[in-house]
Amino acid sequence: MEYVYLVVSLPHLDLAGAPPFSSTELLLSCDGVLRQDHWQDLRAIVEDRTHDVRAPEARRLVGAETQLRNALARIRAQRAGVAYVARARRPTAFDARAAEAAARAMAAADPLARELALDRHRWTLLEEIAAQPAFGVQAVFAYAFRLRLVEKWAALSDEAGLDVALQVVQGNLAGSSL
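Residues numbered from 1 in each chain as written. Predicted model: local features only at pLDDT ≥ 70, side-chain atom pairs only at ≥ 80, totals over all residues. Heavy atoms only, no water.

Let's talk about the nonpolar core
As a reminder of what qualifies: By nonpolar core we mean a set of buried residues, namely Ala, Val, Leu, Ile, Met, Phe, Trp, Tyr and Cys, connected to one another through side-chain atoms within 4.5 Å. Think of it in three bands: with a 1.4 Å probe and only protein chains considered, a residue is buried below 20% of the maximum accessible area for its type, exposed above 50%, and partly exposed in between. Secondary structure follows DSSP: runs of H or I at least 4 residues long count as helices, runs of E at least 2 residues long count as strands, and numbering of each begins at the N terminus. Any two residues whose heavy atoms approach within 4.5 Å at even a single point are treated as in contact.
Leu-26, Leu-34, Leu-42 and Phe-141 are the most contacted members of the largest nonpolar core, which totals 36 residues. If you list the elements that add at least two residues to this core, you get helix H1 (4-9), helix H2 (23-30), helix H3 (36-46), helix H4 (56-80), helix H6 (111-130) and helix H7 (137-155). Considering every element that reaches this core, the biggest residue donor is H7, with 12 residues. Residues within four places of Leu-34 in sequence aside, it is in contact with Tyr-3, Leu-6, Trp-39, Leu-42 and Val-140. Counting nine residues, the second-largest nonpolar core is a separate cluster that includes Ala-71, Ala-101, Ala-102 and Met-106.

Below is the structure:
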């Protein structure tokens, strides 16, 4: 319970909502509040350098993600008819739900629905891990991971998608002889 004040002061996150602030702003606001080693791990999470995290509480979160990615790789390898080669990083624990979540997500025909199913599974795991023990550093780490998910989905908009589609079409037209 070393970070009670910090954890209770963090605004609620909703996967479908707007982020209350950026993950970089979270990192800056935690500077001087977290122990230095915890802050360094938070920085690694925010900067998507999860291979650099050291605290066991952060490694648990990274291990859950590794297990989910391994399950997805197994399914993709099976679909492609190639042998599955295990990742260099092994998960630190086993959760049977990872394989089930990967299978359910990969059953979706729509790639966006597939990604949403995977992120909902991630979100559930992050909430579970954040609660044990309450108000510990793992809650701060889980919050950072969830905030990154919120940022990811907030960045996906019809307008942004149309802009990318327009750039692709214009690029293709520029290279054609029409």
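Here's the deal with the environment of Leu-68
Among the structural elements, Leu-68 can be located in helix H4. A relative accessible area of 1% means that Leu-68 is categorised as buried. Separated by 102 residues in the primary sequence, Leu-68 and Gln-170 have C-alpha atoms spaced 37 Å apart. Ignoring any residue separated from it by four or fewer positions in sequence, one finds Leu-68 in contact with Ala-98, Ala-101, Ala-102, Leu-118, His-121 and Arg-122.

Some thoughts on the packing of aromatic side chains
Spelled out, the test is: Aromatic pairing here means that ring centres of Phe, Tyr or Trp (its six-membered ring) are within 6.5 Å. Orientation follows from the plane angle: under 30 degrees is stacked, over 60 is edge-to-face, and everything else is tilted. In this scheme, Lys NZ or Arg CZ marks a charge over a ring once it lies within 6 Å of the ring centre and within 35 degrees of the ring normal.
Summed over all chains, the structure comprises one aromatic pair. Look at Phe-21 and Tyr-143: their rings are 6.4 Å apart centre to centre, the planes differ by 35°, and that puts the pair in the tilted class. Of this pair, Phe-21 sits in the loop between H1 and H2 while Tyr-143 sits in helix H7, and the two are 122 residues apart along the sequence. You can call Tyr-143 buried: its relative accessible area is 4%. Taking NZ or CZ as reference, Arg-146 lies 5.1 Å from the ring centre of Trp-123, over its face.

A closer look at the layout of surface pockets
The condition is simple: We place a 1 Å grid over just the protein atoms. Points where a 1.4 Å probe fits but has no way out form a cavity, open points with protein on both sides within 12 Å along at least 5 of 7 lines form a pocket, and any residue with an atom within 4 Å of a point lines it. Grid points are joined across faces, edges and corners, and a volume is the space filled by probe spheres set on the points. Residue classes follow a fixed rule: Ala, Val, Leu, Ile, Met, Phe, Trp, Tyr, Cys and Pro count as nonpolar, while Asp, Glu, Lys and Arg count as charged, and any other residue, Gly among them, counts as polar.
The calculated volume of the largest pocket comes to roughly 630 Å³. For the lining of the largest pocket, the secondary structure elements donating two or more residues are H4, H6 and H7. Looking at the lining of the largest pocket, its residues break down into 10 nonpolar, four polar and 10 charged.

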